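Chain residues, written in single-letter form:
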Amino acid sequence: MSGRKKKPKGFRLDLLVCAGTGCVSNRSFIVKDALEKEIVKRGLQDEVRVIATGCQGFCERGPIVIAQPDEIFYQRVTEKDVPYLVEEHLIKGRPAKKLMYVPEKEAIPIPRMSDIGFFKHQRLIVLRNRGRLDPENIEEYIAFDGYEALQKVLTSMTPEQVIEEIKKSGLRGRGGAGFLTGLKWELCRAAEGHPKYIICNGDEGDPGAFMDRSVLEADPHSVIEGMLIGAYAIGAQKGFIYVRKEYPLAVKRVQHALKQASEYGLLGEDILGTGFNFFIEVVQGAGAFVCGEETALMAAIEGRVGRPRTRPPYPVEKGLWGKPTNINNVETWANVPIIILRGADWFSSIGTENSKGTKIFSLVGKINNTGLVEVPMGITLRQIIYDIGGGIPYNKKFKAVQTGGPSGGCIPEKYLDLPIDYESLTEVGSMMGSGGMIVMDEDTCMVDVARYFLNFTQQESCGKCVPCRLGTKQMVEILNRIVDGNGKDGDLELLESIGQNVKLASLCGLGQTAPNPVLTTIKYFKEEYIAHINEKKCPALVCKALISYVIDPELCTGCVACAKNCPTMAITGEPKKVYKIDQSKCIKCGICLSVCPPKFGAVKKVTPAI
Amino acid sequence: MISITINGKEFSAKKGETVLDVCRREGIYIPTLCYQEDLTPYGGCRLCIVEVEGMPRPMTACTLPVQEGMVIQTDTPRLKELRRFTLELILSEHPYSCLVCEKKTDCASYMECIEKEAITFGCKYCSANGNCELQKLVEEFGIKEIPYQFKYRNIPVEDYDPFFERDYNLCILCGRCVRACAELRCAYVIDFHHRGPRTLVGTAFNLSHIDANCQFCGACVDACPTGAMRERYNKYLGKPDKVIKTHCMLCSIGCPINAETRENKIIGTTPDGEPLCVRGRFGIAPMVNHPKRVTVPLLNKNGQLVEISWDDALDIASNILKEYKDRTGIIFSHDLHIETINSLSTFGEISGIENLGVEIQNVENFETLCLAKTGKKIAIIAVNFDLIQDFSVFLLRIKRALNEKPVVILVDPIKTKSAEIVDLYLRPEPGKEIEVLDILLSEDNPCETGGIKKEEIVTARKLLARREVCLLYNPYNVNINGLNSQVKCYPIFGILNFPILNSGKLSSAEDIFENDGIECLYLIGTGIPPMKKYKKVIVQNCFLPDFDFDLFLPAATFLEVDGSFIDLFGNEKKLYKVCEPPGQARADEWIIKNIIERLDFELPRKNHKYHPGRVNEKEKPDSEYPFYLIVRENTFKYRGKVLSKILTGFKRIHHDCRLWINPVDASRLKVENGKPVKVIGKDFESVVEVWITDNVPEGFLFAYHDREKGLVKNKRVRVECL
Ligand SMILES: Cc1cc2nc3c(=O)[nH]c(=O)nc-3n(C[C@H](O)[C@H](O)[C@H](O)COP(=O)(O)O)c2cc1C
Ligand code: SF4
Ligand code: SF4
Ligand code: SF4
Ligand code: SF4
Ligand code: FES
């Protein structure tokens, strides 16, 4: 993590307060206000500056404050901590220990950001500016070489050269399918039709994913600059940034950045005096998952219902209003300026043979450090989960990781050392998708997980084509009966065959991938399905219909905690004696288990149900 | 030319064609459900999938544009399996017992099924039985059972609209109806709602079709491959055994229709290449088969109607005509066959024609506007008429003929349904239409005129700017003679056979009614003013009139006789006999010929004068008659009979046998919606049901032309409660 490069003179210290959505919802703005007040109170306003930055990625630990130039990392800072922080760090000149990050299972705090595992193994290209500049100030972006790539392109490169450079870099789309970006641009440039359009896809409908939001919030200008370069290469005059309505901060920052860029002559007519014209409009999406699919998204921009259509014709031939249209993901666009600036060779030196550069993942689930991580392609799952993510909490065992959003596959432990790129993930039945990564531990029931994801995709299916609309519905129905203990012989085979057919016969990417969670869990965790179907057992003790709560008479001390809390009064007994659960009254809410004091641990789950 | 290989054989194709186009042309079978030739391909049913070399997954032929060198397989085992899979999925929520039930053959011959199913649906209960495209495919694939649990969606059947019903439990979401409504009709009444497994077709906010401004054109019904959308009238009448092409004669457009018959009975009419309106699509069969049709000659014997033979009827008719000779008036309606009108003219020049009475010029101009594909940008101003209700087909044809959507402005003091679909609706005070048009079309400074605000005029002028303006008007509803502006005016009205009727030889019905020398009437498709009394009245028609008569001669409809008529554009259109006239009803021509044969003399000829321009006569306000009644041409009529009077569906969509009154006037007079009132003018008195609506301005009343009720022209009246 490099410090602020061109620190304006006069300030001894910068305090960077994270203003990403995660930290803001943890009241980071109140912390910022308090810091400013405290600094004035102490008369330090000419020496110390407080800056609101974009997301730092380590949202779980928010609100985050970073003291520069020493990059001391403070976490979970509250309003009450402010006087202490100012006193220690600013007045006494020593790091405020109590606010530092202490890794799980360790006792010694780590002061420097770059020493923290979560940051140490990351490689920031797209997120290079995260947390180091004020996203609402174009000058800061410019101070970090912003719009230099644009200048270079407009003054010294032909559109063909730009396309050539992007092709050479090997950049592939970060929105899901991983199509070669340079090739897409070339096709769009060559397509007949006028005018041409470009689109930035910031729909990001995957639940739990927020990489695009984060880029738009933390560094909107890098996306705008990428689009400008793309527009020049393709020959487009008009672009759209499609952001979902649920991202008000991203919308605000992008709109603000567009306004500033126009004021600086970087957008609009005759950009930088070169005669190149380009305009960008922000379109706010109404939120369905399927609206992220490119043809549906274009329909939505045109003001129609967001439903996919068949391809070909591809958007590069017939896109918005039937004109050639190039659509790329937010992250793809944000990669463009730095590729131009540092060269295709530099970019292609990072990553694997067919997947170059970095990818941002949103790391969530049963993992110690949740948050956004940007890693080079080719890193292994193990490195992400253990080195960056800090492993699984409570000493639980790792079970699987699901990548690629709700229609990605679940990858088992045996592939933890898989170097990740587009191809390797597809090979094991999952996908890169837009970069969701959900870690699951031993307490996760894979049947239940598969059902959960499939239920999401089937609800979000646009309903246009039969295989997706009805195939996923049948699959959910079968999974429902399996977790309810009504699974039948042949259900597994039926699930598999429907799944394969839905993948083959569906119209758009949603249906073509939706069965992945089911197919991969059947492939890697078949015994769990068989236990559910044949033995009516849920080995992970999750599926309600297949488990029962019981009280171990050896361990029960008759403390009455369970009986007092049971909502259906299913637990009977006498104080100081052994209690018993009446299974016919038990609704399996699990309250008894959670109230039984850990020192007794008398309530247990058993499978199959009694 | 592009060459592609399908199933190992080479074919040439044109750029822009789809693989399905080529296969259809070359007779290569590919199953489809969501595809319909005249609609944009959809790609939703996934049945038309084909294998394309180099593509990882099958592609839908209906949406796949051909490309040089494409190598395609249409019938591999994988495709068969996927198609079968898809069909089985469709069946998992389409009540399918009819399709897979083992007793279906027995059932088809209408034998009772003794087994009781939890939810009963059987082929014989589905109106689409035998007509259903899904049924055909299931048979083709030999599907006997499906590996899934059937799920009945339990969607309430929509049976509250006239003409057709919707049971979306049968819907397979192919989207043909949605596309038909939007693409063929520009109506956008139905669309998809919700997503995922809850996806449904329907109107916005689940309104009834009436409230959603449906035109009831039936394009959606005709598009539906299943029984989800069904015409109510012929739901259980079975499949047609014969289809005969003829024309619709219910208005002056004269659309081509396919008349479907079964056992020599008309069971329905469907479009033949061009769109139809509600009259032509849903009105013809129920009207022709109507139980109230009179099928035997009737004689009025002291107030009692008795059935008589044709011989007697013709004798009586000719005796009456002999007796009254030059005191006889003959009035006929405009929608008879040319042949009938010609045979009537043997009677001499004494005929009066109902509904004629204004001067109309350059009728042929319609064609240049409507059918010539001009590159020009057009703006249409419609004055005083209901484009949607009366001439939806005409508007559609204009829209389709033009490259670019025309701007449509409606100027009409009476608010009709069209007001909601046009680009701008201006509502002048009644009688001020011409003033408003003049200011719209001039370059003078805009100012408030005839109840139209200055801003509205500015908006209208902006819409009209740089467009060629065409003024469409119904000469029966407005007199545009006073218009100062230079603008192309196109009259449009519902009268058929106009060139013959307008030849100058015939006089208007009014002349005959005003002639006190006339004591006997021979009426073919018209009524008499309510206050008038005649010594003898002969009626020749399909339905009984609302007034007293002496003799009734049952006539055939236009589906029951060969013949021809002339449409609005001056084209002669052929009519073919589709079915036999019911009972003893006979063709007009036959009746007239037989009467003439019995007359041993020629009726004397009289020359009646032709009076133009009566409709907009101004009368002085009169405290005795506080209301001004506006009367308009009713294009929902056949042979003088208002369709709403015989078919309830029409009554629900068209308030045409009602007197429209403003709510303020209504509450002052204490009249109630739907109740009859007495309308009294200087020369007539009549009882009419009221419709309270602010579609008509205060101080005015509105009604569609109805001779029998005396509602024939604009005049001052008063209203009395009964
Ligand atoms: C169901 C579905 C949802 C999608 N959602 C997104 C999304 O939220 N953001 C995105 O960039 N791409 C999304 N995509 C991928 C887009 O269709 C498209 O491939 C992508 O925007 C192209 O940009 P890229 O080449 O930069 O990846 C989605 C695709 C499918 C099938
Ligand atoms: S695959 Fe699913 S989301 Fe895509 S078009 Fe078909 S129904 Fe809609
Ligand atoms: S009847 Fe015509 S207007 Fe009405 S919904 Fe169907 S297609 Fe649309
Ligand atoms: S109602 Fe008929 S035409 Fe419309 S989507 Fe359903 S099945 Fe298709
Ligand atoms: S527009 Fe006229 S001719 Fe055509 S279907 Fe309607 S009534 Fe018949
Ligand atoms: S006919 Fe091609 S997908 Fe339905």
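Each chain carries its own residue numbering, running from 1 in the written order of its sequence. Starting at A for chains and at 1 for ligands, labels are handed out in the order in which the entities are written. Given that this is a predicted model, residues contribute local features only at a pLDDT of at least 70 and side-chain atom pairs are listed and counted only at 80 or more, while totals for whole chains, interfaces and linings are drawn from all residues. As a rule here, side-chain values come from all non-hydrogen atoms in the structure, and water together with hydrogens is ignored.

(A) Structural view of the interface of chain A and chain B. Should any heavy atoms of two residues lie within 4.5 Å, those residues are counted as being in contact. With 33 residues of chain A at the interface, the matching set in chain B holds 35 residues. A simple way to read buried area is as the amount of 1.4 Å-probe accessible surface that goes missing from two parts once joined, with both sides added. Overall, the association of chain A and chain B removes approximately 2900 Å² of surface from exposure, summing both partners, and the carbon and sulfur fraction of that is 57%. Any carboxyl oxygen of Asp or Glu that lies within 4 Å of a side-chain nitrogen of Lys or Arg is treated as forming a salt bridge with it. There are three salt bridges connecting chain A and chain B. Across the pair Lys473(A) and Glu93(B) runs a salt bridge, and its minimum N-O distance is 3.2 Å. In protein, a polar contact means a hydrogen-donor-capable atom and an acceptor-capable atom, both N or O and within 3.5 Å, with residues adjacent in sequence counting only if both atoms are side-chain atoms; elsewhere, any N or O pair within 3.5 Å suffices. Counting every contact that joins chain A to chain B gives 12 residue pairs in polar contact (both at pLDDT 80 or more). Strands are runs of DSSP state E lasting at least two residues, helices are runs of H or I lasting at least four, and both sets are numbered from the N terminus onward. Listed by contribution, the elements that provide at least two residues to the side of chain A that touches chain B are α17 (446-460), α18 (466-483) and α19 (491-505) of chain A. In terms of residues, the side of chain A that touches chain B owes the most to one element, α18(A), which gives eight residues.

(B) Fine view of the packing of aromatic side chains. Think of it this way: a Phe, Tyr or Trp ring, Trp meaning its six-membered ring, pairs with another when their centres are within 6.5 Å, and the plane angle makes it stacked under 30 degrees, edge-to-face over 60, tilted otherwise. Counted according to the given criterion, the structure contains 36 aromatic pairs over all chains. For the ring pair Phe276(A) and Phe278(A), a centre distance of 6.4 Å and an interplane angle of 5° mean the geometry is stacked. Comparing Phe276(A) with Phe278(A) shows no difference in burial state: the two are buried. Taken together, a centroid distance of 6.2 Å and an interplanar angle of 85° make the contact between Tyr628(B) and Phe700(B) edge-to-face. For the exposure calls, accessible area comes from a 1.4 Å probe over protein chains only, and a residue counts as buried if that area is under 20% of its type's maximum, exposed if over 50%, partly exposed in between.

(C) Local environment of the pattern of salt bridges. All told, the structure shown has 76 salt bridges over all chains when counted by the stated rule. Between Arg481(A) and Asp491(A) there is a salt bridge, and its shortest N-O distance comes to 2.7 Å. Within this pair, whereas Arg481(A) is found in helix α18, its partner Asp491(A) is found in helix α19, the two being separated by 10 residues in sequence. Arg707(B) is the salt-bridge partner of Glu510(B), the closest N and O atoms lying 3.0 Å from each other. Of the two residues, Glu510(B) sits in helix α16 (residues 509-514) while Arg707(B) sits in the loop between β34 (700-704) and β35 (715-721), which places them 197 residues apart along the sequence. Take Glu510(B) and Arg707(B): they sit in the same class, and that class is buried. The network of salt bridges with common partners includes Glu38(A), Lys41(A), Arg42(A), Glu87(A), Glu88(A), Lys92(A) and Arg94(A).

(D) Expanded view of the packing of α19(A) against helix α2 (residues 77-91) of chain B. The geometry of α19(A) relative to α2(B) is characterised by a closest axis approach of 10 Å and an angle of 105° between their N-to-C directions. Considered as vectors, α19(A) and α2(B) are oriented roughly perpendicular to each other. Between α19(A) and α2(B), the contacting residues are Ile498(A), Asn501(A), Val502(A), Leu504(A) and Ala505(A) on the first element and Arg78(B), Glu81(B), Leu82(B) and Phe85(B) on the second. Nonpolar residues are Ala, Val, Leu, Ile, Met, Phe, Trp, Tyr, Cys and Pro. Charged residues are Asp, Glu, Lys and Arg, and all others, Gly as well, are polar. Among the residues forming the contact of α19(A) with α2(B), the class breakdown is six nonpolar, one polar and two charged. Lines are fitted to the C-alpha atoms to define the axes, a helix being fitted only along its stretch in contact, and any angle between axes, read from their N-to-C directions, falls within 0 to 180 degrees. Roughly parallel covers angles under 35 degrees, roughly antiparallel covers those over 145, roughly perpendicular covers 65 to 115, and oblique covers all other angles.

(E) Highlighting the site of ligand 4. Here a residue is near a molecule or strand as soon as one of its heavy atoms is found within 4 Å of it. Taken together, 14 residues form the shell around ligand 4, and within it Cys171(B), Cys174(B), Gly175(B), Cys177(B) and Cys224(B) come nearest. Of the residues that constitute the shell around ligand 4, the class distribution is 11 nonpolar, two polar and one charged.

(F) Expanded view of unusual backbone geometry. Cis geometry is found at the peptide bond from Pro312(A) to Pro313(A), where omega equals -5°. The residue Pro313(A) is located in the loop between α12 (294-301) and β9 (325-329) in this model. In the segment running from Thr607(A) into Pro608(A), the intervening peptide bond is cis, with an omega of -10°. Here Pro608(A) lies in the segment after β18 (603-606). One non-glycine residue with positive phi stands out, namely Asn213(B), at about 65°. As for its placement among the helices and strands, Asn213(B) is situated in the loop between β8 (200-203) and α7 (219-223).

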